[in-house]
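Residue strings, one per chain:
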Amino acid sequence: MKKSLWFVLVALSILSIFTVVGCKPTTPGTPSPSPSPTVAPTPVPDTSCPKVVSTVVSKAYDNTYGDAAFEIVITFDEAVDLSACAENVSNWTVTVKNSRRQDSDIGATVYSIKADGKKVILKANVTETVSGTVYVIGVGEVSYRGTFSGLICSEEDAKKYGKLDTVSPYGDLGAVDAPTVADSVEWELDGCFIFDELSNGCCKYSGEDCCLEPVCEECVEECPIGGGICP
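Because the structure is a prediction, the values reported are computed rather than measured. (Residues numbered from 1 in each chain as written. Predicted model: local features only at pLDDT ≥ 70, side-chain atom pairs only at ≥ 80, totals over all residues. Heavy atoms only, no water.)

Chemist: Looking at this structure, I do not really get the overall build of the protein chain. What am I missing?
Modeler: What the protein chain contains, in helices and strands, is 2 helices and 14 strands. Among the 231 residues that make up the protein chain, the fraction classed as buried is 34%. By sequence separation, contacts in the protein chain at least 24 residues apart represent 56% of the contacts at least 6 residues apart. Surface summary for the protein chain: the accessible area is close to 14,500 Å², and the carbon and sulfur share equals 55%. (Helix = DSSP H or I, 4+ residues; strand = E, 2+ residues; numbered from the N terminus. Buried < 20%, exposed > 50% of the residue type's maximum accessible area, 1.4 Å probe, protein only. Contact = heavy atoms within 4.5 Å. Areas by Shrake-Rupley, 256 points an atom, 1.4 Å probe, with all protein chains shown as cover.)

Take a look at the structure:
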C-alpha cells in the first residue's frame, strides 16, 4: 500500500474518533414546567342597599318659614337616588323631642327633599303651641296660649323659649320654663325606596341627631345645653 493512501486512511480514522466523542446525546432532557397562568379573582357583585352613615341637624332660616326652618343632612355610604315615593315630602316622618318643652314630642313638616351624591337633604319647619291655664285673682282660671318657632339648639334659643309670652284676654300671663337640654330630631322613611347607582335599594330608613351648637358627635337621650360636645 502506498504511503499516501495509508496516510489518508489514518486521518479518516482519527477524524471518526473525534466526531463520535464530540457528539451530544440525542435523548431529550426533562422539559421545564410552564408557569401556571394567574387567575384574576372574580369580582363580587354589589347587591347591598345604601346604608345611613350619619345624620346632622341644624337650624336653617329661610324667607318662607323664618326661624321655624331647620335642615337634616343624611349621609349614606354611597351615592343614592330617590324613588318617586321618597321624593314625596308627606312620606317622611320628622319628630322634634325635648323632655323640657311643654310638648315633649312635636311633629315637624318636611317641605323640601334633595339628593346630592351620598347625601339626602331635608328641609323642615316646626312650631310649638304652648298653652295652659293659670289662676287670676278675682277671675279664676284663665286659659293662655303662646307659640315658639324652630329648634332649641343653644342657650340663646332656650332663653327665648323661657321668655315666651303667654297671652290671654287678661294680658301677658308670664313665661314658661327655659329648657336645659337641646332638641333631638328623629326622622323616618318607611315604605319608600332609596337606591344606589346599581338600583339596589331598601325601603325603611331612620336616624336622629341632637340639635346642639356645637354639634353632638353622637346623639344621646338628652343633650345638655352649654356643655359643648355631648358626652
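Let us keep going from here.
Chemist: Where do I start with the pairing of strand β5 (residues 105–116) in this structure?
Modeler: In summary, the side chains of a regular strand alternate between the two faces of the sheet. In this sheet, β5 lies alongside strand β4 (residues 92–97) in antiparallel orientation, the contact comprising 4 bridges. Bridge assignment links V96 to a residue of β5, and that residue is I106. The pairing of β5 with strand β6 (residues 119–125) spans 7 bridges and is antiparallel. Note that in β6 the partner of K114 across the bridge is I121. Hairpin connection, β5 to β6: the antiparallel pair is bridged by 2 residues, and G117 has positive phi, about 65°. (Pairing = 2+ DSSP bridges.)

Chemist: Sorry if this is basic, but what is going on with the nonpolar core here?
Modeler: Nonpolar side chains in soluble globular proteins generally cluster together in the buried interior. Ranked by internal contacts, the top residues of the largest apolar core, which has 29 residues, are F70, I72, W92, V120, L151 and I194. Contributing elements (two or more residues each) for this core: β2 (69–76), β4, β5, β6 and β12 (184–195). Discounting residues that sit within four places of it in the chain, I194 has contacts with P50, F76, V80, D81, L82, A86, W92, L189, N200, G201, C202 and Y205. Membership of the second largest hydrophobic core comes to 13 residues, among which are F148, A158, L212 and I225. (Core = buried A, V, L, I, M, F, W, Y, C linked by side-chain atoms within 4.5 Å.)

Chemist: In this structure, what is going on with the environment of S90? I would like to understand it.
Modeler: With respect to the helices and strands, S90 occurs in the loop between β3 (81–82) and β4. Relative accessible area serves as the criterion here: at 55%, S90 is assigned to the exposed category. One polar contact links S90 to N88, side chain to side chain, over a distance of 2.7 Å. (Polar contact = N/O pair within 3.5 Å; in protein donor to acceptor, adjacent residues only side chain to side chain.)

Chemist: Hey, could you run me through unusual backbone geometry in this one?
Modeler: Even without glycine at this site, S199 takes up a positive phi of about 70°. By the secondary structure assignment, S199 is in the loop between β12 and β13 (201–210). Of the residues examined, S199 reaches a relative accessible area of 56% and is grouped as exposed.

Chemist: Can you walk me through the environment of P169 in this structure?
Modeler: Relative to the helices and strands, P169 is located in the loop between β9 (167–168) and β10 (171–172). When the C-alpha atoms of P169 and V142 are compared, they prove to be 8.5 Å apart, with 27 residues separating the residues in sequence.

Chemist: When you look at the state of the cysteines in this model, what are you seeing that I'm missing?
Modeler: Covalent bonding between the sulfur atoms of two cysteines defines a disulfide. As enumerated under the stated definition, the model contains 4 disulfides in all. Paired by a disulfide, C210 and C223 hold their sulfur atoms 2.1 Å apart. Note on the C210 and C223 pair: the S-S dihedral is about 70°, so by sign convention the disulfide is right-handed. Of this pair, C210 sits in strand β13 while C223 is found in strand β14 (residues 223–224), placing the two residues 13 residues apart along the sequence. As far as the burial class goes, C210 and C223 line up, both buried. (Disulfide = S-S within 2.5 Å.)

Chemist: Sorry, what's going on with the pattern of salt bridges here?
Modeler: Considering all chains together, one arrives at 8 salt bridges under this definition. Residues D157 and K59 are paired through a salt bridge, measuring 2.7 Å at the closest nitrogen-oxygen approach. On the criterion of sequence distance, the pair formed by D157 in helix α2 (residues 155–162) and K59 in strand β1 (residues 52–59) is long-range, its members being 98 residues apart. Residue classification places D157 among the buried positions, given a relative accessible area of 5%. Note that R101 and D183 form a salt bridge whose closest N and O atoms lie 2.8 Å from each other. Placement of the pair is R101 in the loop between β4 and β5 and D183 in the loop between β11 (181–182) and β12, with a sequence separation of 82 residues. A network of salt bridges, in which partner residues are shared, links K97, D105 and E186. (Salt bridge = Lys/Arg side-chain N within 4 Å of Asp/Glu carboxyl O.)

All quantities given are derived from atomic positions and should not be read as evidence of function.
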